[in-house]
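Observations on the three-dimensional arrangement
Chain by chain, the residues:
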Amino acid sequence: EFRRVLFRSRSSFLIASLVAGSFAYSGGAAAQADSVEAGEKLYNSTCVACHGADGKGKLPGVPDFTKSDGRLTKSDDVLVTNIMEGFKSPGSSMAMPAKGGISSLTKEQAEAMVLYMRQAFASN
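Residues numbered from 1 in each chain as written. Predicted model: local features only at pLDDT ≥ 70, side-chain atom pairs only at ≥ 80, totals over all residues. Heavy atoms only, no water.

1. Section: the nonpolar core
Quick note on the threshold: Here, nonpolar core refers to any group of buried Ala, Val, Leu, Ile, Met, Phe, Trp, Tyr and Cys residues whose side-chain atoms link them within 4.5 Å. Buried means the residue's accessible area, taken with a 1.4 Å probe over protein chains only, is under 20% of the maximum for its type, while exposed means over 50%, and partly exposed covers the values in between. Elements are defined by DSSP. Helices are runs of H or I of four residues or more, strands are runs of E of two residues or more, and each kind is numbered from the N terminus.
Membership of the largest hydrophobic core comes to 16 residues, with the highest contact counts inside it found for Tyr43, Ile83, Met117 and Phe121. Only α1 (2-51), α2 (76-85) and α3 (107-121) provide two or more residues apiece to this core. Considering each element in turn, this core owes the most residues, six residues, to α3.

Here you go:
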C-alpha cells in the first residue's frame, strides 16, 4: 500500500512538473516574442536611419547585418556593449553614438534590439 501511495505521489508530482514546465516555456516564448517586437519598434524608430529597414546599411561604412560573416556573428554581449557604448566600424567615417543616440536606452532594450536584428537579418 505504501508503494502504491508513493508511486501516485511521484506520478502526480511528475505530471504537475511537466504542466508547470510547459506553462513556463510558453510564457518564455511569449516574453521573447514581446521582446523581439519591442526591439523591432526601437530599431525602426532609431537604427533604421543608418542601418536601413533591410539591415544592409544606408551609409558608407555602416555594417551590413545580412552578411553571413558580418556583425551578427558577434556574441550578444559584444553587440549589446557596442549599442550601449557606441561603436565605429572599420572604414566608417562616423561612429554610432552610445545607446544609438537614445540617452534613456536600457540594456534590456539593447538586448531586445539584438534579438530583433538576429531574427530579421541573420543568415540561416
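2. Let's talk about the confidence of the model for the protein
For clarity, the threshold we go by: Each residue carries a pLDDT score, the predictor's confidence in it, ranging from 0 to 100. Residues count as neighbours in contact if any of their non-hydrogen atoms are within 4.5 Å of one another.
Per-residue pLDDT for the protein averages 81, and the proportion of residues at 70 or more is 76%. The element-level mean pLDDT for the protein is lowest in α1, coming to 66, with α2 highest at 97. Note on residues 2-26: pLDDT under 50 across the span, and zero contacts to partners over four residues away in sequence or across chains.

3. So, α2
How we decide: Arc definition: it is the arc formed by the directions from the helix axis to the C-beta atoms.
Residues Leu79, Val80, Asn82 and Ile83 constitute the buried set of α2. Taken end-on, α2 shows its buried residues confined to a sector of 155°, consistent with a single buried face. Looking at α2, the residues exposed on the side facing more than 90 degrees away from the buried face are Asp77 and Glu85. Buried residues belonging to α2 abut α3. Two residues or fewer after α2 comes Gly86, characterised by a positive phi angle close to 90°.

4. Notes on the pattern of salt bridges
What counts, and what does not: Salt bridges are counted wherever a side-chain nitrogen of Lys or Arg sits within 4 Å of a carboxyl oxygen of Asp or Glu.
In the structure shown here, the tally under the stated rule is two salt bridges. In this structure, Glu37 and Lys41 form a salt bridge, with 3.6 Å as the shortest nitrogen-oxygen distance. Placement of both Glu37 and Lys41 in helix α1 is noted, with a separation of four residues, approximately one turn of the helix. Put simply, Arg118 and Asp76 hold a salt bridge, and the shortest N to O gap is 2.6 Å. Here Asp76 lies in helix α2 and Arg118 lies in helix α3, a separation of 42 residues in the sequence. Its relative accessible area of 38% is what places Asp76 among the partly exposed residues.

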